Amino acid sequence: MDILAPSTGGKPMNVMWTALIALALCCIAPDTRAEGTIDPAVWGPYAQMAGKQATFRDDSGRTIHEEYRWIEPGRVLQHVQTRADGGKVVYQATISATGVPGQLDAIYETDWLKGPRVILLRGPSVALWADAILFQPAKQVALNPDGTWTERTVKLNPNLEVVQVKSVQPRSDVAALPPATASEQPAALATAATPAGAPTAASAPAVAASLPAPAVVAAPVSVPAATPIRITFGGMEEWIGKPLIGVQAGEIIELQRRSESELAVQFYSYTGTPISRYVFHADVDSGELVITEAPFTDAKQKWAQWQGQSLLLGSSTGRLLGGLNRYHTLTARRAGILVSWTYHRSNAIGMTTDEGDKTEEVFVPVTEALVAASATAQEEKQHMAALSAERRRQDQEDSARMAQAFIGGFVQGMGEAQQSYQQQDQKQAEFLRDTQSQVRAVEAYRRSQLQRAQAEQSAKSSTVAAPASVTAAPAATPGNSIATATSAKATATVPPKTSAAAAPKADAASSTSAQQDTRARQQAALAEAERKQQEDWQAYLQSEKAGIRLAAATCPGGQGRYYIGGKRPTQKSCVNVHYEARCPGTPSGQGARGTLANFVGGANCMGDTAALGGMLSCPAEQVRVDVLEVTGCT
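Because the structure is predicted, anything quoted here is derived from the model rather than measured.

J.: How would you sum up unusual backbone geometry? Please name residues and give values.
T.: A positive phi angle, near 60 degrees, is found at L160, a position not held by glycine. Relative to the helices and strands, L160 is located in the loop between β9 (149-156) and β10 (162-170). Although it is not a glycine, D173 adopts a positive phi angle of roughly 50 degrees. Position of D173 relative to the elements: it lies in strand β11 (residues 172-176).

J.: Please provide a residue-by-residue account of the nonpolar core, values included.
T.: Within the largest apolar cluster, 27 residues are counted, with the highest numbers of intra-cluster contacts made by W43, Y46, L77, I95, I119 and W129. Where this core is concerned, the elements lending two or more residues are α3 (46-49), β1 (52-57), β2 (63-72), β4 (89-97), β5 (103-109), β6 (114-121), β7 (126-129) and β8 (139-143). At four residues, the largest contribution of residues to this core is made by β4. Beyond its immediate chain neighbours, meaning those up to four positions away, I119 contacts Y46, I95, G102, Q103, L104, A106, A127, L128 and W129.

J.: Report on the state of the cysteines, specifying residues and quantitative values.
T.: In this structure the tally under the stated criterion is two disulfides. Here C574 is linked by a disulfide to C633, with a sulfur-sulfur distance of 1.8 Å. Its S-S torsion of approximately -80 degrees makes the covalent link between C574 and C633 left-handed. Separated by 59 residues along the polypeptide, C574 in the loop between β23 (562-567) and β24 (575-582) and C633 in the segment after β27 (624-632) bring together distant segments of the chain. By relative accessible area, which is 16% here, C574 ends up buried. Note on C633: relative accessible area 29%, which makes it partly exposed. Sulfur-sulfur distance for the disulfide between C583 and C618 comes to 2.1 Å.

J.: Hey, could you go over the side chain of R568 for me, with residue numbers and the actual values?
T.: Within the element layout of this structure, R568 appears in the loop between β23 and β24. A residue is classified by how much of its surface remains accessible, and R568, at 8% relative accessible area, is buried. Within polar-contact distance, the side chain of R568 engages the side chain of Y540 at 3.2 Å. There is a polar contact of 2.7 Å between the side chain of R568 and the backbone oxygen of F599. Once residues lying within four places of it in the same chain are set aside, the contact partners of R568 are Y540, E544, I548, S573, V575, F599, V600 and G601.

Definitions and cut-offs
Residues numbered from 1 in each chain as written. Predicted model: local features only at pLDDT ≥ 70, side-chain atom pairs only at ≥ 80, totals over all residues. Heavy atoms only, no water. Helix = DSSP H or I, 4+ residues; strand = E, 2+ residues; numbered from the N terminus. Core = buried A, V, L, I, M, F, W, Y, C linked by side-chain atoms within 4.5 Å. Buried < 20%, exposed > 50% of the residue type's maximum accessible area, 1.4 Å probe, protein only. Contact = heavy atoms within 4.5 Å. Disulfide = S-S within 2.5 Å. Polar contact = N/O pair within 3.5 Å; in protein donor to acceptor, adjacent residues only side chain to side chain.

Taken by themselves, the reported measurements are silent on function.
Here you go:
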């Protein structure tokens, strides 16, 4: 029975309700129209593609099912691609109107990548995805005259003009999408409870064709008496259906009851664009929560469960060598709901390998002031992110300069070391020449002593032979010629026999004695020269030991180890330096010992240094390095 109002002139009240609803929709949401009348100037080819589905083959030869469905007619369009052989979502994008003529915004997401895109409209039949980010190349979507459409992967020039077509994927089997069920309607479009006396959808007459039909509120789902399972949010029940905003997170969260046993947690951006959601229900037998949808498309495992008064929602990639675990925890608070995000990695056996990142914030009821504050916070985040990126760039440049300086210093140090080695080689050559000169001097001394001994021997031989010749030839006189002749005969006959026998023995004895004297003098001279040389060498080593100063230091790339180096005063010859390094308070002899072989000198890490064999407990600047001994190189 119709109830008549006196002022309506006999018109039924349900007609009045219908007119009032139509007028309110026209005034409140002028941009919201039926899918068939979406303005092509705003949506380009998507005005006709919305509400349709198609199939195509991707570059790998797989058959992909594609659909375009309104989330908010005239404002937000959802694009989803799933594999025909299993229904897995491989790509999805949320396309939003911007209010800027010829431009749409999109948030795309794949198994492993997510980000924003910019869509430029090239008339009512062509859309250009120009903002190619990372591995998402530019693409062109063109509406065909027969109602199908074609997607092309293209290359653009700086003027955003297509200069090359890389691949073509025409859509086929284009058809209208089946109507969405009441549970699939976005919360933003849900209508409040029907006022008392309001007409039902069946009794309301048709209104203007340009207006959408009012959203129909789904009737409560009746649960069989045998399984009276109802999911409750506990203290969060009062927030069901009320959008809550986190200013710092820049997101809006809404708890949505889809049926007695099914709930959804929907996330929006602070601008109202849907981002992601969890959907779960209660198991009929056990009453445990079973999650059916998670925000991350690469999730191999997902779960929903209560932890005390908190609702834990999570997913994991579950890869072979470990995965990324992601959690959302919702806890009721007096002002709203505390939402925390946690990320950590696990190994192949499920053990946590890092502490991960955790952020949390209390989400409170949405107001215009909070939305503005969230926008400001996001702008500040972007600004800080830009500053951080600039700092990272500067740090990379500084690191590059330091590396270049290090390489330059290393080259310079190598040049100095090479020069030092050349000087050392030159000094060793000079030392060898000095030694050879000393050997030649000793040999010359030996020769001179030998010549002197031979000269003395010759002089002695001449002195012994002279008296014999004088005696053998005395002068004859006239008075005693006969006696003289007889005496001379006797003298000449007997003594010469005795001299001839004794002379060889005397000469041999004298020569042997002279040679022994010469050898003795030569050996004494050589021993004296060697002794003097050894004394000079030991004195030189002692002077090196007294002059060498060593210290400990840490060097770049040394992984915290101590390196021993120092200065050497003279560098006349090759030496090995034996040392002991110890901390203050450590007795001598109990430190770490080592040897600097062929030590040249150099007090910094670019000079002649060697790693310390042992470990010390004190800082490098406190280490005392004593020179124990300096020896020659073998």
